[in-house]
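# Understanding the architecture of this molecule
This is what each chain is made of:
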Amino acid sequence: MLAGMRRESQVHIIECHFECTGFDHRLVRAGTSVYLWNLVRQFRDRGHRVTTLTASHGLLPALREQFRVTDTGWRLTGKITIPLDPDKWPDHPRTVVVDGSAAAYRMVVEGIEVILIENDMLDTHSASLYPPEDAEGRDLTYLKPLVFQFLAARYLAGRDTTDTVVHLHEPVFHHLLPAALSAQGYRVVSTVQTNLPVDTKVYAPAVRALLRDLGADPSVADGLEDPPLDSPLQRAMRAYLPRTRLHRDDPGRPGHDRVSALALVTRSAAAVDFLSEGQLEHVLTQGGTPFAQLFADLAVRRVLHGHIDRMTVGGCAIGDEWLAVERTPQRRRRTLTGLGLDPALPTIYHNGRYSVEHKGLRELFQAVRRLLDAGRRFNVLFHVLTPHILHDADLDALARDHPELVRVRTGAVRPAHLIDWAASSDLCVFPAKFEMDTFLMAMGEAMAAGAVPVATAQQGMRHFGHAFRLDDPTATGLAVRRSFRVADPELTAAVHDGLAHMLDLVHAGSPLIETLRARAVATARQFTWSNAADRFLEIFSACVAGRPPGTKTGPAGDGAAATGSGTATTGPEGVEVRWRHPGADRIEMVVATDPVRVVALRGDGHGTFTGVAPVAAGPVPLLITERDGRCVWVEAGARP
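### Description of empty space enclosed by the protein
Following the criterion strictly, the structure yields six cavities of 30 Å³ or more and no others. Considering only enclosed or pocket space, the largest cavity measures out at about 130 Å³ in volume. Looking at the largest cavity, it is lined by 13 residues, and the ones nearest its centre are Pro-171, Leu-196, Pro-197, Val-198 and Leu-262. A class-by-class count of the residues in the lining of the largest cavity yields nine nonpolar, three polar and one charged. As for the second largest cavity, its lining consists of 13 residues, of which Phe-484, Arg-485, Asp-488, Thr-625 and Cys-631 are closest to the centre. Per-class residue counts for the lining of the second largest cavity are five nonpolar, three polar and five charged.

### Looking at the pattern of salt bridges
Scanning the entire structure with this criterion turns up 35 salt bridges. Residues Arg-41 and Glu-110 are paired through a salt bridge, measuring 3.8 Å at the closest nitrogen-oxygen approach. Of this pair, Arg-41 sits in helix H2 (residues 31–45) while Glu-110 sits in the loop between strand E6 (102–109) and strand E7 (112–118), placing them 69 residues apart in sequence. Judged by relative accessible area, Glu-110 falls into the partly exposed class, the value being 41%. The closest approach of N and O atoms between Arg-44 and Asp-45, which form a salt bridge, is 2.9 Å. Accessibility expressed as a relative area gives 25% for Arg-44, which makes it partly exposed. Connected through shared salt-bridge partners, Arg-41, Arg-44, Asp-45 and Glu-110 make up one network.

### Focus: unusual backbone geometry
A cis amide bond, omega 5°, links Asp-594 with the succeeding residue Pro-595. Mapped onto the elements, Pro-595 comes out in the loop between strand E22 (584–591) and strand E23 (597–600). For Glu-170, which is not glycine, the phi dihedral falls at a positive 75°. As for its placement among the helices and strands, Glu-170 is situated in the loop between strand E8 (164–169) and helix H5 (177–182).

### Re helix H19 (residues 529–544)
Between its terminal C-alpha atoms H19 stretches 22 Å, which fits the 22 Å expected from 16 residues at 1.5 Å a residue. With 12 of its 16 residues buried, H19 lies for the most part within the structure. Along H19, the residues that are buried comprise Trp-529, Ala-532, Ala-533, Asp-534, Phe-536, Leu-537, Ile-539, Phe-540, Ser-541, Ala-542, Cys-543 and Val-544. Downstream of H19 by a residue or two, Gly-546 has a phi angle that is positive, lying close to 80°.

Parameters and conventions
- All residue numbers refer to position in the chain's written sequence, counted from 1.
- Local features are withheld for residues below a pLDDT of 70 in this predicted model, meaning they are given only at 70 or higher, and side-chain atom pairs are given and counted only at 80 or more; totals for whole chains, interfaces and linings count all residues.
- Hydrogen atoms and water are omitted, and side-chain values are computed over all heavy atoms in the structure.
- We place a 1 Å grid over just the protein atoms. Points where a 1.4 Å probe fits but has no way out form a cavity, open points with protein on both sides within 12 Å along at least 5 of 7 lines form a pocket, and any residue with an atom within 4 Å of a point lines it.
- Grid points are joined across faces, edges and corners, and a volume is the space filled by probe spheres set on the points.
- For this classification, the nonpolar set comprises Ala, Val, Leu, Ile, Met, Phe, Trp, Tyr, Cys and Pro, the charged set comprises Asp, Glu, Lys and Arg, and every other residue, Gly included, is treated as polar.
- Within this document, salt bridges are pairs made up of a side-chain nitrogen of Lys or Arg and a carboxyl oxygen of Asp or Glu, the two lying within 4 Å of each other.
- A run of DSSP states H or I qualifies as a helix once it reaches four residues; a run of E qualifies as a strand once it reaches two. Both are numbered from the N-terminal end.
- Type-normalised accessible area, obtained with a 1.4 Å probe on protein chains alone, sets the label of each residue: buried when under 20%, exposed when over 50%, and partly exposed for intermediate values.
- Expected span of a helix: the number of residues minus one, times 1.5 Å.

So this is what it looks like as structure tokens:
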């Protein structure tokens, strides 16, 4: 979009989110706040009116010490009646009434209007902002995000909606708002920030009751029931899938009316936005995952594909401070010697939250230790952020057994120090799992500083250009297999082998490393907040004009693995399975018991797998995992 066009088409952008505190780094609890504040400053710089709307979180006294906080004069009185899911709240009444009295306060920070809604419940959990997960079912402050949605809709009601867009973030935190606000004339854009299970559900009676109280159409929650999903193969999938983080088995039944939050949002929003093309592709298809075949039968898939013209990618970015990082011998020497390390050795880097399964940390720590135990010599720089004292057996052993090579930080680290670490590293390692990443800013930062990536081939990271083959003319680094498995030995082996190969190239001074580094830097530095803001303004303009903002006509494909072929024969000890699949890395029989039973077939190394299923008769559900991590289900039909 040209600068002149931006000035001629001014939009009022309301960024509404439960946590919108990026104006003060001390108050940030999740990356969305940082993302939001970077975006709103870009919108401001282009001359648009920008308002952020958030909860006060009990922070008004502290904010008054630093900012000028004024009373807007807006007041709300009354009660909010909320139906409770009896499965989640068995010791509470079916309906609760909470205080709906509220006031709104205003700050102007860096030229941006910040509106804070104050209410008794919204003032709880000031330290974390968010109620803890284990509060569900026992502490009504768990309803704090739902109360914020209701009060935000009340605050915005009756205001001028001309050329106004409300930008919401994370469907589970705003599933009421698209229907409530579109009924008032607002154009609503919903950004899917994280890859929660795509069928994450909310309690439909609460949705209908609150929308009715807000003057919106409660029927938006109707017709979202999933089919029974009760075939033998579907029962096996449902029993197995919760361990993959891709699906929460939450089937509908009489008296248990739960519906997809993403489906609700998609029905009412003018646009549903994603942080990367790969994330959008994953959400639409679940391609190559163990969830893809069950997903094909769900209501949320039907709704997403029925509104494909609303799907769009506004994107994400990395901070400006990473875009001009200089790698110099002097910086490397100063940084590494300052850490007591030898700058002549190859150096690897990882930065991220301490989330063992999501970030693939168990596999990372074990792979690196295996290399060091075998006599490899390289420096290890790990920042694994946690607010708690960290006791991780794998990480503790790695640091204890190789103190001359390993440096670990678990607390907050200043960005300038992280830049020094990344700019002094040859490789960065990001073995993230379960397709939970939607952009992975830390990987882009490291690449922008010149660290060549070794990372899983997740859809939500594919924009960074790492590839299975280093002779790919666009490769920025090395891709390793995807993983949807807790404690995945195949991923550990892939990270070990991938790092070993890349470290060999670094040690040998291979020109390929410099070629990959140049591509990594160039690729990562394209992801600027200025470019992201331009894309969002195009999306907002389309919504204001009543045009579908999406450019997608449908997903490219589901990326499913081949199924192979074989037999299942009823025998004296169970069903004997023999399956042929030359590309398979693992084939497992899944029995839908509680807990689920998973039995791996024995491979002969040449593509044939055999075993006996602990069942009296078939068919036998098989989960096939290929060497690149793609998965597919098939039934081995038993015969006498």
